[in-house]
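# Notes for the structure review
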Amino acid sequence: MPILEEFRKVILNPSEFLSPGKSIGYMCNYVPEELIHAAGFTPVRLNAVESEGTSRGDMYFSTGNCSFPRRVLDKGLSGAYGFLDGIVFMNGCDHNRRLYDNWNYAQIQTPWTYLLFVPHSKTDASLNQYINELQKLINHIESIYKLKLSEQKIRDSIKLYQRKRNLLRNVSSFRGIKLSGTDFLMVMIATTVLPPDIACEKLDELIVELKNAPQIEKNLRVLVTGNCVEEIEHFEIIENIGANIVYDNICLGSRYFDRDISMEEEPVIALAEGYLRSPSCPRIMNDTEKRIELIKEAVKKYQVDAVIIEKLEFCSMMTGEGWIMSQEFRKEETPFLLLTRELYGGGKSQIRTRIQAFYEKVKNLK
Amino acid sequence: MELKPYEIIKKIYYASVLANTVFKAPRTAWWLLKASSAFMYEKETLFNRSNRFGFQKIGSSFWTPEELDAYRHDSLATSRVYGRLLKAAENKTPVVWLDWPVPIEIVKGFDVAAYVPESFMIAANIVGTDGHVACLEAVERAGIADDICAMDRITIGAWLTKQIPPPAAIIAVAHPCDAGRTTNQILEYMTGAPAFTINTSYTKNDEDVMLYSKNLFEAIEFLEDILKMKFNWQKFEEMVHILNKHNYYLNEITAMNQNIPSPGLAYSLQAAWLSKIPCAGDPDIMENARKIYEIAKKSIQNPEHRHRKEKFRIIVADMPIVFTELFKWIENSFGGVVVSDYIGDAIYPEIDTSSRESMMMGVARDRLYAGMIKQAHGKASETIDDLERQISQFSADCVIFNGHQGCRHNRALSRMVKDVCARHKIPSLMMEADIFDKRVMSEEKLKKELTDFFRENGFA
């Protein structure tokens, strides 16, 4: 599909598709892009795509830290994020909280940086805390750019982003039928760096092309869960040896688009509620049961044959979550593979062998 | 090592009772410790393995009779906590588990036993240094990877090896780290107990502390609902008043440690931190602090009475090693005095006792200032500024950073720590140890690294 080539180009060189001085970087799904967009900027999700390694990042982080922030910092130090006008970091996890600190300490030339503190539970007190933090972020943006983020502007952005999420949901429904999980991941990466209106246009085009596209080859139906998964080549390995990723539960996937923001409420409250109370990631506590339930439902709904749990080395959060999932999948007799890897960490052959052996086992069970 | 059910808490309880009894005659106790130090102190052997850790925790033979007398109160408070826990296990009465950044006062206001994993973890070697390892191995056997801090894995291991009674409820905290967050979720899953998470704040400003305290009010409501009991506000108020006095002494001791020569009480402050976690609001730990304060005052007034010369001053800018006592070993072997560390450095603000709300804000803020939470809960400046202050205030000659394996946010700051020390023109040692797990770096290796560092930098 030709439109997929366009998405690929975005990933390879995002700054080409963005207006100079009009982009603000952000980390993680709990930073409401709507607030950045309402200020007249394109929210650009930070990623390690096309990063060259960790050597520069390692000067600040230790080898006991996750490869994601080490790579993103490395990318920052290489100047790859020089086009950003500012960055909203977030306390997603300890490693990423320290990415904010090390980014500043390394004196990377970003005009401004901000650390958004997002609560770790969904209680009423947490919601109020989050509303408060979002208000602080708004004040910060307003004071830097000497502008006012009016309710109407935020509402318009909410509407646009809701459209984008709906389109992504629509595209996602083609997975395993006409679209590979690998291509969907590429679409996700591209649409989280593109201006949302352009992203929507391209997603519209993609949906038209998908409707006319031939069915893809039927294979084992796999669900991928985890946190940070952004390596297209990793998904290629998973799919090229006999599987289709039909659904996911990752940051750059369903956890991004399975979220609805109310248009009825006061916009900041609506954003806080929508973001905090949507399907959570393991950083949110007292919600494990719901998360697992959601995956179990997806396993049934998408007739999943096997689950791959992705965990990055040194990720405490996924260590716990992955272990709990393993216990539950074992009870349910859902075949699963817990895969620990470094982001772009190589070892392709080893990973391929492990997945291949897992597929053999799953096929034998069928 | 095979652990019997409740073996660790039983031993903590009996050791505390014993210490409280023996220290009633502090001079005799001192002579006893002195006499036994020949085979208890130097290194772990087959014969001292199960008691050496406890021996070190009561100051080996380095505490003076006055310090032993002070520590008696600590033992008494500790024995009360663990005695109650054992009784609850026996009678199957409710036990509430709570993380250490949760003010224990909100549980002690109920008539229930409280279990604080962090306090247990530090003391778990009471059965020998294999106590921690036994808990860790149980976790490994359960298939949980070692990407989680050993401190938290020990709690999971304690549950798996039946060292702690089941919880009626868990009060968890969201900060300061991922390991704590994930461990709470694992324990919630394993025990099936109802859990409530408190979002401690990432900054120390009033607005954030207010939100943190609102979480505490919600937690009390949650406990009232689960335990079917009413919270005793009068008891809470009494505890806050004691806490204020307790903090006054701790703050004073910390300030006096800045003196040259230092009274060398960082180890006592660390012990006070440890007892404050499960015993805050207990008059005996306040009395312990008061007596140490008197000792510090006397030491400053009569520096010639210090039995060892202070040759150089050290800051331990990370969590100290728990499975062996190093502060006194360094002092004894090299004349290096640990004047401040990540844990014991006490700068607690006074709590406004004018209303329930102000007191709740006060206890919330108090835990934000507790060692480890103080440095770990927000931006890097919380740690780095603190280190800068400690280096200047305590006139440090060098910094030791243990590089605790499981502490991801702290390890992400190693460059900044090194640069701070370089700016102050003092050497720093960055180790790759683990505070609990001796399998990562043994006592011998730790001592060798420290010896090499002191020699290379002209301290020895």
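Residues numbered from 1 in each chain as written. Chains lettered and ligands numbered in written order. Predicted model: local features only at pLDDT ≥ 70, side-chain atom pairs only at ≥ 80, totals over all residues. Heavy atoms only, no water.

## Quick notes on the overall build of chain B
Looking only at helices and strands, chain B features 20 helices and eight strands. Seen along its three principal axes, the alpha-carbon backbone of chain B occupies a region of about 60 × 50 × 45 Å. Classification of the 460 residues of chain B by burial places 66% in the buried group. Here the contacts in chain B between residues at least 6 apart in sequence split such that 77% fall between residues at least 24 apart. When the accessible surface of chain B is totalled, it reaches about 16,300 Å², and 53% of it is carbon and sulfur. (Helix = DSSP H or I, 4+ residues; strand = E, 2+ residues; numbered from the N terminus. Buried < 20%, exposed > 50% of the residue type's maximum accessible area, 1.4 Å probe, protein only. Contact = heavy atoms within 4.5 Å. Areas by Shrake-Rupley, 256 points an atom, 1.4 Å probe, with all protein chains shown as cover.)

## A word on the pattern of salt bridges
Close approach of charged atoms allows side chains with opposite charge to pair. Taken as a whole, this structure holds 61 salt bridges over all chains when the rule is applied. Its salt-bridge partner being A:R277, residue A:D124 comes within 3.2 Å of it at the nearest N-O pair. Pair noted here: A:D124 is in helix 5 (residues 124–145) and A:R277 is in the loop between helix 11 (267–276) and helix 12 (288–301), with a separation of 153 residues, a long-range link. Linking B:D386 and B:R389 is a salt bridge whose minimum nitrogen-to-oxygen distance equals 3.1 Å. Here B:R389 and B:D386 lie together in helix 17 (residues 381–393), a separation of three residues that amounts to about one turn. Since its relative accessible area comes to 10%, B:D386 is described here as buried. Through salt bridges with shared partners, a single network forms among A:D94, A:R97, B:D178 and B:R181. (Salt bridge = Lys/Arg side-chain N within 4 Å of Asp/Glu carboxyl O.)

## A few points about the pairing of strand 8 (residues 336–341) of chain A
All names here are of chain A. The pairing of strand 7 (residues 306–312) with strand 8 spans six bridges and is parallel. Each bridged residue has a counterpart across the sheet, and for K311 the counterpart in strand 8 is T340. Taking the sense of rotation as the criterion, the β-α-β connection linking strand 7, helix 13 (residues 316–332) and strand 8 turns out right-handed. (Pairing = 2+ DSSP bridges. Right-handed = clockwise from strand over helix to strand, strands pointing away.)

## A word on the nonpolar core
Core analysis: the largest hydrophobic core is formed by 245 residues, its most contacted members being A:V88, A:Y359, B:F120, B:I171, B:I198 and B:W273. Looking at which element gives the most residues to this core, the answer is helix 11 (residues 233–256) of chain B, with nine residues. Judged by nonpolar contacts, the second largest core, of 37 residues, contains B:M40, B:F327, B:F334 and B:A433. (Core = buried A, V, L, I, M, F, W, Y, C linked by side-chain atoms within 4.5 Å.)

## Quick look at a nonpolar patch on the surface
Residues and elements named next belong to chain B. Where nonpolar side chains cluster on the molecular surface, the patch consists of L18, V22 and L32 and spans about 270 Å² of accessible area. Here V22 is to be found in helix 1 (residues 7–22). We classify V22 as partly exposed; its relative accessible area is 30%. (Patch = residues over 30% accessible without salt bridge, like charges linked within 9 Å, V, L, I, M, F, W, Y side chains within 5 Å.)

## So, the packing of helix 6 (residues 151–172) of chain A against helix 7 (residues 181–191) of chain A
Residue and element names in this part refer to chain A. Where helix 6 contacts helix 7, the two axes come as close as 11 Å, and the packing angle between them is 170 degrees. What the angle tells us is that helix 6 and helix 7 run roughly antiparallel. Contacts between helix 6 and helix 7 involve K164, L168, V171 and S172 from the first element and F184, V187, M188 and T191 from the second. Broken down by class, the residue content of the contact of helix 6 with helix 7 amounts to five nonpolar, two polar and one charged. (Axes fitted to C-alpha atoms, helices over the stretch in contact; angles between N-to-C directions. Parallel < 35°, antiparallel > 145°, perpendicular 65-115°, else oblique. Nonpolar A, V, L, I, M, F, W, Y, C, P; charged D, E, K, R; others polar.)

## Some remarks on the packing of aromatic side chains
Residues and elements named next belong to chain A. Applying the stated rule across the entire model yields 37 aromatic pairs over all chains. Between F41 and Y145, the ring centres sit 4.5 Å apart and the planes meet at 40 degrees, which makes this aromatic pair tilted. Of this pair, F41 sits in the loop between helix 2 (33–38) and strand 2 (42–45) while Y145 is found in helix 5, placing the two residues 104 residues apart along the sequence. For the pair Y81 and F83, a centre-to-centre distance of 6.1 Å together with 45 degrees between the ring planes defines the contact as tilted. (Phe/Tyr/Trp six-rings, centres within 6.5 Å; stacked < 30°, edge-to-face > 60°.)

## A closer look at the domain arrangement of chain B
Residues and elements named next belong to chain B. Here the domain parsing of chain B yields domain 1 (1–92), domain 2 (94–231) and domain 3 (234–456). The gap between the C-alpha centroids of domain 2 and domain 3 is 23 Å. Contact with domain 2, which involves 42 residues of that partner, is made by 42 residues of domain 3. Between domain 2 and domain 3, roughly 3,700 Å² of surface is buried when both sides are summed, and carbon and sulfur atoms account for 69% of that area. Taken as a group, W100, E105 and K204 account for 21% of the area that domain 2 buries against domain 3, more than any other trio of residues on that side. In this assembly, domain 2 and domain 3 are joined by five salt bridges. (Domains from an automatic or database assignment. Buried area = accessible area lost by both parts, 1.4 Å probe.)

## Things to note about unusual backbone geometry
Put simply, B:H175 and B:P176 share a cis peptide bond, and its omega is 5 degrees. For the bond from B:I260 to B:P261, the omega torsion is -10 degrees, close enough to zero to count as cis. Residue placement: B:P261 occurs in the loop between helix 11 and helix 12 (266–279). Backbone geometry at A:F314 places phi at a positive 75 degrees, although glycine is not the residue there. Examined against the element boundaries, A:F314 turns out to sit in the loop between strand 7 and helix 13. Using a relative accessible area of 17% as the deciding quantity, one classes A:F314 as buried. Located in the positive-phi region is B:K228, a residue other than glycine, with phi close to 55 degrees. Here B:K228 lies in the loop between helix 10 (206–227) and helix 11. A residue is classified by how much of its surface remains accessible, and B:K228, at 68% relative accessible area, is exposed.

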